[in-house]
Structures are given as structure tokens and as C-alpha cells.
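Spelled out from the first residue to the last, the chains are:
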Amino acid sequence: QVQLVESGGGLVQAGGSLRLSCAASGRTFSNYGMGWFRQAPGKEREFVAAISWSGGSTTYGDSVKGRFTISRDNAKNTVYLQMNSLKPEDTAVYYCAAAPSQYSRSSEHYAYWGRGTQVTVSS
């Protein structure tokens with residue numbers, strides 16, 4: 001079992017930045033690929049970014065590529081999402097998730113999920 005707790009969300013103006021954190025506890029954090037997803041009201045959950053267990057490989061959704069950066073610190077059992085040049089369309093609840101096998105763009109591969117943190121970008 002892995003417990004995930006997101007933090008760092010909030011209200012920011014368009015063009016601003018936020019850094020989300022996801023603290024993990026339970027089983028060995030470094031064994032898991034980690035991902036960030038988001039869901040806006042009335043929309044389906046969307047893949048944002050994912051990172052391999054070692055941090056050596058990353059992948060991003062097309063809508064955030066070049067603006068967001070995912071990273072992890074296995075010594076701190078934490079994964080981060082640095083979000084720059086935020087847009088109103090980035091407004092959503094952001095969730096982190098852990099995949100037992102390898103990182104993935106598909107939510108189906110993630111076994112553990114946090115409760116989410118709200119990000120609101122004003123225009």
C-alpha cells in the first residue's frame with residue numbers, strides 16, 4: 001500500500017508559476033513510476049506528466065509540454081510538478097499517482113492515487 005498526499009495548489013494569475021508536491025509513504029517509493037493527472041469540472045481525467053522510478057525518463061501531455069516539469073527525490077519520497085506559464089485552461093484538480101510496474105501515460109496502470117490539490121488560474 002502506498003499513501004500519497006498532494007500539496008502546493010492554489011490560486012495564481014495567468015503567466016504565473018506553482019510547484020506541486022506529492023509525498024509518499026508506505027512501500028518503497030523508488031520502486032514506483034509516478035504520474036500527475038488532472039481533472040477539470042465536467043471533463044475527463046487528463047494525463048499531465050510521468051516519471052520513471054529512477055527519474056531518468058519522463059513524458060508529458062501535449063498541452064503542458066515545455067511549460068511543466070516533473071521531478072522526484074527518492075530520498076524524500078516526494079515527486080514534484082513545476083508548472084510555469086500557467087493558463088486558465090490549466091485550472092483543475094491535480095492528482096498524483098503511483099504505478100507498481102513502470103511509469104505510464106495511462107491512468108489504468110496506476111494503482112495508488114492521492115486525493116488531489118486544486119489549481120486555479122485566473123485570467
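In the block above lies the structure referred to throughout.
Not measured: the values here are computed from a predicted model.

Conventions adopted
Residues numbered from 1 in each chain as written. Predicted model: local features only at pLDDT ≥ 70, side-chain atom pairs only at ≥ 80, totals over all residues. Heavy atoms only, no water. Salt bridge = Lys/Arg side-chain N within 4 Å of Asp/Glu carboxyl O. Helix = DSSP H or I, 4+ residues; strand = E, 2+ residues; numbered from the N terminus. Buried < 20%, exposed > 50% of the residue type's maximum accessible area, 1.4 Å probe, protein only. Disulfide = S-S within 2.5 Å. Contact = heavy atoms within 4.5 Å. Core = buried A, V, L, I, M, F, W, Y, C linked by side-chain atoms within 4.5 Å. Pairing = 2+ DSSP bridges.

Draft legend 1. The pattern of salt bridges, seen in detail. The tally for this structure, following the rule as stated, stands at 4 salt bridges. Measuring nitrogen to oxygen at the nearest pair gives 2.9 Å for the salt bridge that ties Arg38 to Asp90. Separated by 52 residues along the polypeptide, Arg38 in strand β4 (residues 33-39) and Asp90 in the loop between β8 (78-83) and β9 (92-99) bring together distant segments of the chain. Like Asp90, Arg38 is buried.

Draft legend 2. How the structure looks around the state of the cysteines. One pass over the structure, following the stated rule, counts 1 disulfide. The disulfide partner of Cys22 is Cys96, and the S-S distance across this bridge is 1.9 Å. Disulfide Cys22-Cys96: torsion about the S-S bond near 40°, hence right-handed. Note that Cys22 is positioned in strand β3 (residues 18-26) and Cys96 in strand β9, a separation of 74 residues in sequence. What makes Cys22 buried here is its relative accessible area of 0%. Residue class for Cys96 comes out buried when judged on its relative accessible area of 0%.

Draft legend 3. Region of interest: the environment of Thr69. Relative to the helices and strands, Thr69 is located in strand β7 (residues 68-73). Sequence spacing of Thr69 and Ala49 is 20 residues, and the spatial spacing of their C-alpha atoms is 7.8 Å. The contact partners of Thr69, leaving out residues within four places of it in the chain, are Tyr60, Tyr80, Leu81 and Gln82.

Draft legend 4. A look at the nonpolar core. Grouped together as the largest cluster of nonpolar side chains are 30 residues, with contacts concentrated most on Leu4, Met34, Trp36, Leu81, Met83 and Tyr94. Of all the secondary-structure elements, those providing two or more residues to this core are β1 (2-7), β3, β4, β5 (46-51), β7, β8, β9 and β11 (117-122). In terms of nonpolar packing, the next biggest core, distinct from the first, is built from 6 residues, Phe37, Ala50, Ala99 and Tyr110 among them.

Draft legend 5. Quick look at the pairing of β8. Among the 6 residues that make up β8, 5 are buried, leaving the element largely enclosed by the rest of the structure. Of the pairings in the sheet, the one linking β3 to β8 comprises 6 bridges and is antiparallel in character. By the bridge assignment for β8, Ser21 is matched with Tyr80. Where β7 lies against β8, 6 bridges are found, and the strand directions are antiparallel. Bridged to Ile70 within β8 is Leu81. The hairpin turn running from β7 into β8, its antiparallel successor, is 4 residues long, and Asn77 in that turn takes a positive phi close to 55°.

Shape is all these values report; function is a separate question.
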